[in-house]
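Chain and residue survey
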Amino acid sequence: VDSLTEEMMTDLVAKLDPHSVYIPAKDLENINSELEGSFSGIGVQFNIQNDTVMIVSVISGGPSEKAGLMAGDRIVKVNDTVFVGKNTVSNEKVMGKLRGKKNTKVKLHVKRPGTKEPLAYIITRDDIPVNSITSAYMITPEVGYIAADKFAQTTYEEFLNAIAALRAKGAKKYIIDLRENSGGLMDKAIEMVNEFLPDNRMIVYAEGKAYPRFEAKSNGKGTLKNNPMVVLIDEFSASASEIFAGAIQDNDRGWIV
């Protein structure tokens, strides 16, 4: 019955509209961890090359950096079990092996370029921050640039910190880059766009046959109401990114590029 229900839900939700998708319970934790601002793991970014997990970068200050792992290392064993092969290695399986509860340990054997024998490391998992503001810097003496790759639990706080840092450097105009931002938590997009809008402007509303109308309007407390701004979007900007850009456009607040 469970498997029939899963299959039925997938088809049922797919037929609602092009933007609805059913997320099985087993996948929900991984999806939510991307939006919660942190998860517990070893602190690496990886790629699967052919049949091997290769570490692309090591997160600064994370458990793997402290243990001595390096970009370019290839993981060949996890907890003394061989972890290579096209049928063995997938993104889900890698995250299942490397992520885990804080303070738990995982043993890795890695093959490093220039070394003959695999190197063994025991790494203690810890909280890994997930930053959604990926860039914030001055483009000209007056123009600040901020890029966000998702709307997560910490995005608004990260955004305010970025604005404060750019203001200190003289920023008076802003470019908000939402290219390839697939969305996330709508309330964080609402909080962010509120910073740019005058009082009582419509940001977004939701309404349904069995859903009472919900309206999100600006409260006039934004600190960037009078700063010129531009929003960058592309074909991969979706969901909360479209709400942000749409609110700016519908209120004639800035340019959408």
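For the structure itself, look to the data block above.
Anyway, here's the lowdown on the structure attached to this text. None of the values given here were measured: they were computed from a predicted structure.

**Some details on the layout of surface pockets**
Roughly 630 Å³ of volume is contained in the largest pocket. Lining of the largest pocket is provided by 23 residues; of these, Glu34, Phe39, Val44, Gln45 and Arg99 occupy positions nearest its centre. For the lining of the largest pocket, the elements supplying multiple residues, two or more each, are strand E1 (38–41), strand E2 (44–49), strand E3 (52–58), helix H4 (91–98) and strand E8 (126–129). The class makeup of the residues in the lining of the largest pocket is 11 nonpolar, 8 polar and 4 charged. If you add up the space inside the second largest pocket, you get close to 290 Å³. What lines the second largest pocket is a set of 13 residues, and nearest its centre among them are Glu29, Asn30, Ser33, Arg99 and Gly100. Those elements that provide at least two residues to the lining of the second largest pocket are helix H2 (25–33), E1 and H4. Tallying contributions element by element places H2 first for the lining of the second largest pocket, with 4 residues. Looking at the lining of the second largest pocket residue by residue, the classes come out as 2 nonpolar, 6 polar and 5 charged.

**Comments concerning helix H6 (residues 186–194)**
Among the residues of H6, Lys188, Ala189, Ile190, Met192, Val193 and Asn194 are the ones counted as buried. Elements that come into contact with the buried residues of H6 comprise helix H5 (155–168), strand E11 (173–177), strand E12 (202–208), strand E13 (211–217) and helix H7 (240–250).

**Let's talk about the sheet that holds strand E14 (residues 229–232)**
The strand order across the open sheet built from 5 strands is E9-E10-E11-E14-E15, with neighbouring strands paired in mixed fashion. Among the strands making up the open sheet, the edge pair consists of strand E9 (133–138) and strand E15 (255–256). Relative to strand E10 (residues 143–148), E9 runs antiparallel, the two sharing 5 bridges. Bridge pairing in E10 places Ala136 opposite Ile146. Across the sheet, H5 is in contact with E9, E10 and E11; its angle to E9 comes to roughly 15°. Sitting on the sheet, H7 touches E11, E14 and E15, and the angle it makes with E14 is about 140°.

Conventions and cut-offs
- Residues numbered from 1 in each chain as written.
- Predicted model: local features only at pLDDT ≥ 70, side-chain atom pairs only at ≥ 80, totals over all residues.
- Heavy atoms only, no water.
- 1 Å grid on protein atoms, 1.4 Å probe; cavity = no way out; pocket = protein on both sides within 12 Å on 5 of 7 lines; lining within 4 Å.
- Points joined across faces, edges and corners; volume = space filled by probe spheres on them.
- Helix = DSSP H or I, 4+ residues; strand = E, 2+ residues; numbered from the N terminus.
- Nonpolar A, V, L, I, M, F, W, Y, C, P; charged D, E, K, R; others polar.
- Buried < 20%, exposed > 50% of the residue type's maximum accessible area, 1.4 Å probe, protein only.
- Contact = heavy atoms within 4.5 Å.
- Pairing = 2+ DSSP bridges.
- Axes fitted to C-alpha atoms, helices over the stretch in contact; angles between N-to-C directions.

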